[in-house]
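# Per-entry structural report
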Amino acid sequence: MCYAIPGKLVEIRDNIGIIDYFGEKKRARIDYSDVSIGDYVYAQGGLLINKIKEKEALEILDAWKELFFELKKIDAKLPRVQKSGISESVLEALNKVNSNRELSKEELLSLLKIVNKDELRLTFETANNIRQKKHGNACCVHGIIEFSNYCQSNCFYCGIRSGRDIKRYRIDVDEIISIAKDAVIELNFKAIVLQSGEDIWYEEEKLIYLVKELRKLNILIFLSIGDRSPDTYKKLYEAGARGALLRFETSNKDIFNKIKPDTTLENRLELIKNLKSLGFVLATGFLVGLPEETCEDIINNILLTKSLKPDMYSLGPFIPVKDTPLEKSAFIDKNTLLKTIAICRLADNDANILVTSALETQNSAAKKEGLLAGANSLMVNITPKEYRSLYRIYDERAGSEKGIKENINDTLGLLYSLGRAPTDLGVK
Ligand code: 5AD
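To keep things clear, this report deals only with the structure shown in the data block.

What counts, and at which threshold
Residues numbered from 1 in each chain as written. Predicted model: local features only at pLDDT ≥ 70, side-chain atom pairs only at ≥ 80, totals over all residues. Heavy atoms only, no water. Near = heavy atom within 4 Å. Polar contact = N/O pair within 3.5 Å; in protein donor to acceptor, adjacent residues only side chain to side chain. Areas by Shrake-Rupley, 256 points an atom, 1.4 Å probe, with all protein chains shown as cover. Helix = DSSP H or I, 4+ residues; strand = E, 2+ residues; numbered from the N terminus. Buried < 20%, exposed > 50% of the residue type's maximum accessible area, 1.4 Å probe, protein only. Salt bridge = Lys/Arg side-chain N within 4 Å of Asp/Glu carboxyl O.

## Quick look at the site of the ligand
Neighbouring the ligand are Tyr157, Cys158, Gln195, Arg247, Glu249, Leu287, Pro317, Phe318, Ile319, Val321, Ile393 and Tyr394. Side-chain polar atom of Arg247 to an oxygen atom of the ligand: 2.7 Å apart, as the coordinates give it. Interatomic distance of 2.8 Å between a backbone N/O atom of Ile319 and a nitrogen atom of the ligand. Burial of the ligand by the protein amounts to 87% of the accessible area it has alone, namely 410 Å².

Below you can see the structure in the form of structure tokens.
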């Protein structure tokens with residue numbers, strides 16, 4: 001099992017490496033000093049993170065070769081676009097995307113309002129086609145460790161908000177390191193997301209130590225730790241972290257002010273922009289279906305995400321949580337969610353788009369449908385079970401009762417059935 005295929009570095013232009021994967025060429029920013037042309041390397045999230053011995057690489061490539069081309073064939077068969085029963089305006093908008101023209105806000109809005117079954121199908125298929133054209137069948141699979149559910153913030157939507165009475169846990173730094181080591185050595189992960197509530201018990205020094213230790217594993221380290229000062233993030237970057245996941249949650253200032261009492265939209269956006277300018281591989285996005293949200297808000301969320309130039313879109317349904325101020329809110333319907341994913345793809349063809357576990361929690365088929373509506377990335381939860389069930393940002397999270405290996409096998413089974421290779425090949 002492998003979550004990244006090694007490729008051969010065939011060219012270096014400034015700090016960009018051109019990597020050959022079975023004849024397909026991709027680009028990755030060189031983040032590992034000791035490489036030269038001809039080396040076999042791993043890329044994650046658009047960064048070249050590690051090199052491996054030629055003999056080892058050739059063995060892995062040999063094991064992969066047949067599967068790689070077989071999966072491509074399956075993927076190529078899936079998106080067959082049929083155009084019967086579609087209104088002129090929808091056809092016109094989708095044709096525009098197919099000919100590389102940008103859609104206006106009004107056009108995006110009208111796609112979000114589609115209810116007709118054939119039009120929905122065509123929208124999803126078009127998004128899936130664009131995904132295939134831009135990313136091939138590669139699907140990034142990152143492992144996520146939820147290391148603390150303590151949170152100093154009191155966001156109205158969140159199940160680990162400080163004001164909710166739940167059992168809390170913190171995983172000791174050395175235990176996090178050992179969980180990550182297992183994930184890399186035993187389970188072959190090449191990218192690990194470290195997620196927690198906003199928990200300053202993990203002060204700067206602790207996080208720097210953690211990142212430095214994990215960097216020794218030559219993996220992409222993604223941080224999802226919320227509101228910290230740009231200075232702390234800078235030190236964590238210097239320690240070796242290269243990814244940062246921070247959602248702005250909603251672009252609507254009024255909604256933001258009602259649901260996130262501890263910060264402002266302005267501050268949040270400033271931090272996100274800071275992360276980008278520090279050089280982090282940036283994942284950002286929003287919740288879909290917050291109370292009082294309109295279709296126009298959703299389109300604004302997509303356009304705001306795009307304007308932040310993220311390396312990855314992260315969005316998911318808002319799931320109402322018991323004993324929180326928003327417990328009586330409505331669930332968003334699945335189609336609105338899938339349309340939102342598809343429109344992200346149509347509005348930003350090159351995007352990497354994550355399917356999140358919230359999507360799957362809301363509807364068990366939705367992960368697959370999300371991957372067929374334009375998404376191309378996912379995460380596998382590798383938090384030990386005893387902690388995972390306590391990380392209740394929402395209750396009854398999908399997969400929380402399963403073992404890690406079972407979750408991995410389910411994910412691989414799903415990806416193979418769709419013809420997707422569970423690997424991150426860098427960017428085109
Ligand atoms: N439903 C769905 N997603 C949630 N998050 C927090 N609470 C919920 C909820 N009730 C998401 C937020 C946050 C991420 C870590 O979890 O978007 O950024």
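## Some remarks on unusual backbone geometry
Of note, the phi angle at Asn100 is positive, near 65°, even though the residue is not glycine. Tracing the backbone through its elements, the reader meets Asn100 in the loop between α2 (88-98) and α3 (105-112). Judged by relative accessible area, which is 59%, Asn100 ranks as exposed. Phi at Asn218 is positive, roughly 55°, even though this residue is not glycine. With respect to the helices and strands, the residue Asn218 is situated in the loop between α6 (204-215) and β8 (220-224).

## Quick word on the pattern of salt bridges
Between side chains of opposite charge, a pair can form when the charged atoms approach closely. Summed over all chains, the structure comprises 30 salt bridges. Note that Lys51 is salt-bridged to Asp34, the shortest N-O span being 3.5 Å. Of this pair, Lys51 sits in strand β5 (residues 47-52) while Asp34 sits in the loop between β3 (24-30) and β4 (40-44), and the two are 17 residues apart along the sequence. In this structure, the salt-bridge partner of Asp350 is Lys134, at a minimum N-O distance of 3.6 Å. Of this pair, Asp350 sits in the loop between α11 (334-347) and β14 (354-355) while Lys134 sits in helix α4 (residues 117-135); the two residues are 216 residues apart in sequence, bridging distant segments of the chain. Several salt bridges converge on common partners, so that one network encompasses Asp31, Arg215 and Arg242.

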